[in-house]
Amino acid sequence: MQVDRNLMRETTRGFQKYYNPKLHGELRLDTNTNVLGSNPAATRYLAEGKWSLDLYPNTYSDGLREALGELYGLQADNIIAGNGSDELLDITFKTFMGWGDRSVVPVPSYTLYDYFVKLNGGSVAEVDLTEDFQLDVDAIARQDAKIAIMPSPNNPTGNCFRQKDIEEVLSRFDGIVVVDEAYAEYAEGSMIRRVNEFDNLVVLRTFSKAYAMAALRVGYAATNLKLAEMMMCIKIPYSLNMISEGAALAAVKDQDFISRSVAMVREQRPLLSAGLKKLGFEPFPSDSNFIMARSPIDHAELVSGLKERGILIRDFGAKRRTENCVRTTVGTAEQNKLLLDRMEEVIAACR
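Residues numbered from 1 in each chain as written. Predicted model: local features only at pLDDT ≥ 70, side-chain atom pairs only at ≥ 80, totals over all residues. Heavy atoms only, no water.

### Side note on the overall build of the chain
Going by this rule: Helix and strand assignments come from DSSP, with helices taken as H or I runs of at least 4 residues and strands as E runs of at least 2, each series counted from the N terminus. Radius of gyration here is computed from C-alpha atoms only, and the compact-globule reference equals 2.2 Å multiplied by the residue count raised to the power 0.38. The rule is simple: take the accessible area with a 1.4 Å probe, protein chains only, and divide by the maximum for that residue type; under 20% is buried, over 50% is exposed, in between is partly exposed. The criterion used for residue contact is that any of the two residues' heavy atoms lie within 4.5 Å. All accessible-area figures derive from a Shrake-Rupley calculation using a 1.4 Å probe, and residue coverage is judged against the displayed protein chains alone.
Within the chain, the regular secondary structure consists of eleven helices and 13 strands. A globule of 351 residues ought to have a C-alpha radius of gyration of about 20 Å, and the chain, at 20 Å, matches this closely. Dimensions of the chain along its principal axes, counting C-alpha atoms only, are 60 × 55 × 50 Å. Burial analysis of the chain (351 residues in total) assigns 55% to the buried set. Contacts in the chain between residues at least 24 apart in sequence constitute 73% of all its contacts with a sequence separation of at least 6. Of the roughly 16000 Å² that the chain leaves accessible, carbon and sulfur atoms contribute 50%.

Structure follows, in structure tokens:
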């Protein structure tokens, strides 16, 4: 037998492994996690917890779903919990997209959207965002597709989409509309409390960002009761382990940490943006805990120079619509000063 990529599913043969840098103690400003450190309520739960490891977790994480429903004024049955919001993306495509169906993906946006569409045998219908990185509602609405996905705030650009545009897509697009709100805690406006208003809305959320629990892989979707029941039938039972569920449940009850995290980002974000401008960057407006900026020097040289100096940021400079752009997490005041100082060194060395 010839062992090559022809053995793979046809839609996946072009896949490459995901971003996986070799680490040597660098300051990580490349993953948009919470720079204030581990969620304190989850940490206490893990330190104090005792579990019967011989037993399965609750089949569908009912306790966490009830707590999230209470938080957002929804029923537990509006919520599907899982192993990171990436699992909920996968469930969405498995539930509503057939083999060969198309899904609308905005450009630029999260790189794994293409992955999940093709992984599930679909094809990607790319629709460019407008010049100011907003939704092109007409272009999305006229697509012959089963699913349209849109992250708000958008990754990597950082901005939220206009609520009226999201609502118009929901009314005009003849399919499921997924609003990925991975960074919504940092922004104004959300669709999660409104899922019962729409027949076709699925909202995704995660504990990996503002909740500072990326290592435990907890995510969830919210949607109306009819769609939620369909998705729950597709979801793998027991996919969220009992330790992660318990830690997430503890974290939901500690909203003070979320408030402090959001306040820090809102204080530091304009200061970091101003510092980047002073160095010659072109930062884009952000509603999230990261900033995308066009670099004053070659993007690859900037990223590699920072890595040599112990700081990681993400490089988007070789992608369409984000040419010569990089993305950095908004850090603490001390982290941002260190980043700007090291950037100044790299820029000076390149000139």
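### Digging into the pattern of salt bridges
Threshold: Any Lys or Arg side-chain nitrogen located within 4 Å of an Asp or Glu carboxyl oxygen qualifies as a salt bridge.
Summed over the entire model, instances satisfying the criterion amount to 25 salt bridges. Taking the shortest distance from any N to any O, the salt bridge between Glu168 and Arg172 comes out at 2.8 Å. Of this pair, Glu168 and Arg172 both sit in helix H6 (residues 163-172), four residues apart, which is roughly one turn of the helix. Where Glu345 meets Arg342, a salt bridge forms, and the shortest distance between an N and an O atom there is 3.2 Å. Within this pair, Glu345 and its partner Arg342 are both found in helix H11 (residues 333-349), separated by three residues, close to a single helical turn. Its relative accessible area of 35% is what places Glu345 among the partly exposed residues.

### Quick word on the environment of Pro270
With respect to the secondary-structure elements, Pro270 resides in helix H9 (residues 255-278). The class of Pro270 is partly exposed, set by a relative accessible area of 46%. Distance from Pro270 to Ile291, taken between C-alpha atoms, is 9.7 Å for residues 21 residues apart in sequence.

### A closer look at the pairing of strand S5 (residues 147-151)
Worth spelling out the cut-off: Think of it this way: DSSP has to see at least two bridges between two strands before they count as a pair.
Summarising burial for S5: five of the five residues are buried, a large majority. Where burial is concerned, the two faces of S5 agree: the one with Ile147, Ile149 and Pro151 and the one with Ala148 and Met150 are both buried. Alignment of strand S3 (residues 102-107) against S5, held across two bridges, turns out to be parallel. If you follow Val104 over to S5, its bridge partner there is Ala148.

### A closer look at the sheet that holds strand S7 (residues 201-206)
We apply this condition: Every angle, taken between N-to-C directions, lies between 0 and 180 degrees, and every axis is a line fitted to C-alpha atoms, over only the stretch in contact when it is a helix.
Taken in spatial order, the seven strands line up as S2-S8-S7-S6-S5-S3-S4 in an open sheet, and their pairing is mixed. In the strand order of this sheet, the two ends are held by strand S2 (79-82) and strand S4 (123-128), each with one partner. With direction set aside, neighbouring strand axes in the sheet form an average angle of 20 degrees. Bridging between S3 and S4 involves six bridges; their strand directions are parallel. Looking at S4, one finds that Pro106 is bridged to Val127.

### A short note on the side chain of Asn324
Quick note on the threshold: Each polar contact in these results corresponds to two N or O atoms within 3.5 Å; when the atoms are within protein, one needs to be able to donate a hydrogen and the other to accept it, and residues that are neighboring in sequence are counted only if both atoms are side-chain atoms.
Tracing the backbone shows Asn324 in the loop between strand S12 (314-315) and strand S13 (325-329). At 3.1 Å, the side chain of Asn324 and the backbone oxygen of Ile297 are in polar contact.

### Some remarks on the packing of aromatic side chains
Going by this rule: Only the six-membered ring of Trp is used, alongside the rings of Phe and Tyr, when aromatic pairs are assigned; centres must lie within 6.5 Å, and planes under 30 degrees apart are stacked while those over 60 apart are edge-to-face, with the rest tilted. Consider the ring centre and the ring normal. A charge sits over the ring if Lys NZ or Arg CZ is within 6 Å of that centre and within 35 degrees of that normal.
What the rule picks out here adds up to ten aromatic pairs. Where Phe15 meets Tyr115, the ring centres are 5.0 Å apart and the plane angle is 35 degrees; that geometry is what we call tilted. Here Tyr115 lies in helix H4 (residues 112-119) and Phe15 lies in the segment before strand S1 (27-28), a separation of 100 residues in the sequence. For Tyr115, a relative accessible area of 32% translates into the label partly exposed. Taken together, the aromatic side chains of Tyr72, Phe207, Tyr211 and Tyr220 make up a single cluster linked through ring pairs. The aromatic ring of Tyr19 is capped on one face by Arg314, whose charged end is 3.9 Å from the ring centroid. Of note, Arg327 hangs over the ring of Phe290, and the distance from its end group to the ring centre comes to 5.5 Å.

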